[in-house]
Amino acid sequence: MENTKNKKKCAIHDVMLCTFCEKEIIEAKLTYTEDAEPSHIKCLEDFNKHWEDRAVMMDLMGY
């Protein structure tokens, strides 16, 4: 895209936001959920840990 006033080229970059924390994801920390949604590696690990812990709790409660 070209800026006609200053004759400078404008760069338009894609920005990916984390599905969980909604902050920008740096390429090195990018992963995807099972539904192919972008996520930080740490956010996805925390999300999966939550559900694992919940499953254990439900088993202990007898559900």
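Structure: above.
Fair warning: this is a prediction, and the values are worked out from it, not measured in the lab. (Residues numbered from 1 in each chain as written. Predicted model: local features only at pLDDT ≥ 70, side-chain atom pairs only at ≥ 80, totals over all residues. Heavy atoms only, no water.)

J.: An account of helix H1 (residues 41-61) is requested, with residue identities and associated values reported.
T.: Helix length check: H1, at 21 residues, gives a terminal C-alpha distance of 30 Å against a target of 30 Å (1.5 Å per residue), a fit within 8%. Immediately beyond the C-terminal end of H1, within one or two residues, lies Gly-62, with a positive phi of roughly 90 degrees. (Helix = DSSP H or I, 4+ residues; strand = E, 2+ residues; numbered from the N terminus. Expected span 1.5 Å × (residues − 1).)

J.: How would you explain the pattern of salt bridges if you had to name every residue and give the values?
T.: Counted under the stated rule, the structure contains two salt bridges. Notably, a salt bridge pairs Asp-46 with Lys-42, separated by 3.0 Å at the nearest N-O pair. Of this pair, Asp-46 and Lys-42 both sit in helix H1, four residues apart, roughly one helical turn. Judged by relative accessible area, Asp-46 falls into the partly exposed class, the value being 40%. A salt bridge links Asp-53 to Lys-49; the nearest nitrogen and oxygen atoms lie 2.8 Å apart. Pair noted here: Asp-53 and Lys-49 are both in helix H1, with a separation of four residues, about one helical turn. On the basis of relative accessibility, which here comes to 39%, the residue Asp-53 falls in the partly exposed class. Under the relative-accessibility criterion, Lys-49 is labelled partly exposed at 46%. (Salt bridge = Lys/Arg side-chain N within 4 Å of Asp/Glu carboxyl O. Buried < 20%, exposed > 50% of the residue type's maximum accessible area, 1.4 Å probe, protein only.)

J.: Can you lay out the packing of aromatic side chains for me, pointing to particular residues and giving the numbers?
T.: Counting across every chain of the model gives two aromatic pairs. With centroids separated by 6.3 Å and ring planes inclined at 65 degrees, the aromatic side chains of Phe-47 and Trp-51 adopt a geometry described as edge-to-face. Of the two residues, Phe-47 and Trp-51 are both situated in helix H1; the distance of four residues between them amounts to about one turn of the helix. Residue classification places Phe-47 among the partly exposed residues on the basis of a relative accessible area of 37%. Judged by its relative accessible area of 42%, Trp-51 is partly exposed. (Phe/Tyr/Trp six-rings, centres within 6.5 Å; stacked < 30°, edge-to-face > 60°.)

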